[in-house]
Amino acid sequence: MTDTANVQAGETAQVESDDEEREVDTSHLDDVEDGCGCAEVWEHLSDERDE
């Protein structure tokens, strides 16, 4: 394997491990329908904040 291939393989492995570490909690959006727009998301989040 060439040095370039080694670097690319290392970069790929790094990206995959970074993605695994960045699991984002999206439970606050569970009640939002798929495909809704920004206004609907904003309204949902605003309503949740009031409770």
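Let me sum up the structure you'll find in this document. Since the structure is predicted, the reported quantities are computational estimates derived from the model, not experimental observations.

The next subject is the overall build of the chain. When helices and strands are counted, the chain shows 2 helices and 0 strands. Out of the 51 residues belonging to the chain, those deemed buried represent 4%. Accessible area of the chain: about 4800 Å², with a carbon and sulfur share of 46%.

Our focus in this paragraph is a negative patch on the surface. A cluster of acidic side chains, namely Asp25, Asp30, Asp31, Glu33, Asp34, Glu40, Glu43, Asp47 and Glu48, defines a negative patch on the protein surface. Looking at where aspartate 25 falls in the secondary structure, it is placed in the loop between α1 (3–21) and α2 (38–50). Take aspartate 25: its relative accessible area is 55%, and that puts it in the exposed class.

Analysis parameters
Residues numbered from 1 in each chain as written. Predicted model: local features only at pLDDT ≥ 70, side-chain atom pairs only at ≥ 80, totals over all residues. Heavy atoms only, no water. Helix = DSSP H or I, 4+ residues; strand = E, 2+ residues; numbered from the N terminus. Buried < 20%, exposed > 50% of the residue type's maximum accessible area, 1.4 Å probe, protein only. Areas by Shrake-Rupley, 256 points an atom, 1.4 Å probe, with all protein chains shown as cover. Patch = residues over 30% accessible without salt bridge, like charges linked within 9 Å, V, L, I, M, F, W, Y side chains within 5 Å. Salt bridge = Lys/Arg side-chain N within 4 Å of Asp/Glu carboxyl O. Lys, Arg positive; Asp, Glu negative; His and termini not counted. Charge placed at Lys NZ, Arg CZ, Asp CG, Glu CD.

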